[in-house]
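Read off the chains here:
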Amino acid sequence: MRCPHYDAGECRSCTLMGTPYEQQLADLDAHVREVLADVVPHDVWDAPVAGPESAFRNKAKLVVGGTKGAPTFGILDADRRGVSLPECGLYEPRLAAALDGLLPAVAELGLTPFDVPGRQGELKHLIVTGSPDGELMARFVLRSPGQMGRVERGLDLLRKAAPGLRVVSVNLQPEHKAVLEGEEEVVLTPADTLPMRVGEIVFHLRPRSFFQTNTTVTTALYGQARDWVGQIDPGSVLDLYCGVGGFALNAALAPGRQRRVAGIEVAPDAVLSARRSAGELGLDVDFTVGDASALDALDHDLVVVNPPRRGIGPDLCGAIEATRPDHVIYSSCNATSLAGDLAALPGYTVRQARVFDMFPQTRHHEVLVLLERA
C-alpha cells in the first residue's frame, strides 16, 4: 500500500507503511506469540487471520481544524494545527465516496472549527461510519450546543451530499483535553441507529456504540468464536463486556443444543442495541446493564470476555477461578494484558489461539484464545 500523505510526511498513523503486508502479518503473529509464550503453548496457534491491507476501515475519525471559511478535516500537526487529509487509503470504498461529498457540505454549514492552541471555536471532530449496505452515520463533536442549530438546519444539505446518510448527531465535549467525545449526545434525525450487517446478524449501532472498524476481520473473529462454541457445545454462555452483542448472539446461533445465553455490558445504549438484534433474530438472550469486572459469581458453562486494553484484572480472574466454568473464550486487543490475565488463571489451559489483524499497517492486534478448565 502507498499513501501520498505518508510519502509527503503529513501523516504517520500507519507506522508500518512501506513494509510488505505479508511481512507485517508474519511479524505481528511472531510478536504476539512471543509476548504470550509463557502462557500459551506453541502448538495451539492457528494461522493468523487477515483481510485487505487497505480499504478496510468502516469509520473515519476526522479532527477538524483550519478556519470557518477553510476548514481542514484530517489530523493535527506537531503544533496542534489542522492538516487536511482529503482521502485515506484505509477507508472502505463506500465510505471514501461518501466523504467526497460530505466534507464540502460540512464546510458549507459554516461551523467554526475548534482551535486547540487558542482554545476557541466549536467543531472539534467529525466521525463518520459506513455500513456494508451503504448507509451512513455522521457525528459532529462540538464544544457547546451553540452551533447545533446549523447542523440541524443543514440536514437536507448533508443528505443530498451523502446519499444513504441515515443518522446525524451532535456530541458535546466542552472539556479541553485529549478525549474524543463527551457524555451528551443529541440525535437530530428520526433514525437513531445505523444497521451494521455482519453475516446473518444485523447490529444496531447507536452514536456512542463501540464497534470494530474492520468489518471483514470482525466477521472472521465472530465466526471463529461461533465455531469454538459449536465444538464445545456448552449448555449456557455468559458474554462479559458484551457491547452490542457480537459474541453472545453468535453463541446463541452456534450449532448444537439449545443453550442459555446472557450478556452484560456497562453501556445502556449498547444493551438496547443488543436486545433489538436478538429480537429481530427471534433469540432469547438476556442482555443486562452491569459492570462485568465487579462480578463474583459466574454460573455458566462458558464465559466469554472481551475487555478494554487493560484486560479483566485480578478480581474477575479470581471470580473465574473460584466458580470454574468449563471454558473461557478471551478476545483481547492487548497481548501484554492478556498475558497477565492468563497467568492469573492457573486452573485453565489454552487449547486454541489465533491472531486477527484488525488494523493493517500498524502493530495493533486482536487475539482470540480458547481456555479449558484443567
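In what follows, the accompanying structure is described. Sequence order sets the numbering: in each chain, residues are counted from 1 along the sequence as written. The model is predicted, so local features are restricted to residues of pLDDT at least 70 and side-chain atom pairs to those at 80 or more, both for listing and for counting; the totals for chains, interfaces and linings are taken over all residues. The basis for every side-chain value is the complete set of non-hydrogen atoms in the structure, without hydrogens or water.

1. A few points about the environment of G230
Thinking step 1. Per the convention used, a helix needs a DSSP run of H or I reaching at least four residues, while a strand needs a run of E reaching at least two, with both numbered from the N terminus. Secondary-structure assignment places G230 in helix α6 (residues 215–232).
Thinking step 2. Classification of G230 by relative accessible area gives partly exposed; the value is 21%.
Thinking step 3. Only heavy atoms enter the contact rule, under which two residues are in contact if any of them lie within 4.5 Å. Every residue in contact with G230, bar those within four places of it in the chain, is listed here: A254 and P255. Accessible area is worked out with a 1.4 Å probe on protein chains only. A residue is then buried under 20% of its type maximum, exposed over 50%, and partly exposed in between.

2. Thoughts on the side chain of N171
Thinking step 1. Examined against the element boundaries, N171 turns out to sit in strand β6 (residues 165–172).
Thinking step 2. Taking relative accessible area as the criterion, N171 reaches 0% and is therefore assigned buried.
Thinking step 3. A distance of 2.8 Å separates a polar atom in the side chain of N171 from a polar atom in the side chain of E185.
Thinking step 4. If we ignore the near neighbours within four places in the chain, the residues touching N171 are R139, F140, V141, L142, E181, G182, E184, E185 and R208. Identification of polar contacts relies on pairs of N or O atoms within 3.5 Å, with a donor-acceptor requirement for protein atoms, meaning one able to donate a hydrogen and the other able to accept it, and with residues adjacent in sequence counted only if both atoms are side-chain atoms.

3. Thoughts on the packing of aromatic side chains
Thinking step 1. Only rings of Phe, Tyr and Trp enter the pairing, Trp through its six-membered ring, and a pair is recorded when the two centres are within 6.5 Å. The plane angle decides the type: under 30 degrees is stacked, over 60 is edge-to-face, the rest tilted. For the structure on display, the rule yields three aromatic pairs.
Thinking step 2. For the ring pair F203 and Y222, a centre distance of 6.0 Å and an interplane angle of 45° mean the geometry is tilted. Here Y222 lies in helix α6 and F203 lies in strand β9 (residues 201–205), a separation of 19 residues in the sequence. A single burial state applies to F203 and to Y222, both of which are buried.
Thinking step 3. Of note, R12 hangs over the ring of Y6, and the distance from its end group to the ring centre comes to 4.0 Å.
Thinking step 4. In this scheme, the term charge over a ring applies when either NZ of a lysine or CZ of an arginine sits within 6 Å of the ring centre and within 35 degrees of the ring normal. Taking the ring centre of F114 as reference, the NZ or CZ of K124 above it sits at 4.9 Å.

4. Regarding the packing of α6 against helix α7 (residues 246–253)
Thinking step 1. At a minimum axis separation of 9 Å, α6 and α7 run at an interaxial angle of 45°. Comparing their axes, α7 and α6 come out oblique. Where α6 crosses over α7, the two elements pack in a sense that is right-handed. Of α7, the residues touching α6 (which contributes L221, Y222, A225, R226 and V229) are G246, F247, N250, A251 and L253.
Thinking step 2. Taken together, the residues of the contact of α6 with α7 break down into seven nonpolar, two polar and one charged. In this analysis an axis means a line fitted to C-alpha atoms, helices contributing only their contacting stretch, and an angle means the value between N-to-C directions, from 0 to 180 degrees. Oblique is the label for every angle not falling under 35 degrees (roughly parallel), over 145 degrees (roughly antiparallel), or within 65 to 115 degrees (roughly perpendicular). Note on convention: near helix rotated counterclockwise from far helix by under a right angle means a left-handed crossing. Clockwise means right-handed. Throughout this entry, Asp, Glu, Lys and Arg are counted as charged residues, while Ala, Val, Leu, Ile, Met, Phe, Trp, Tyr, Cys and Pro are counted as nonpolar. The remaining residues, Gly among them, count as polar.

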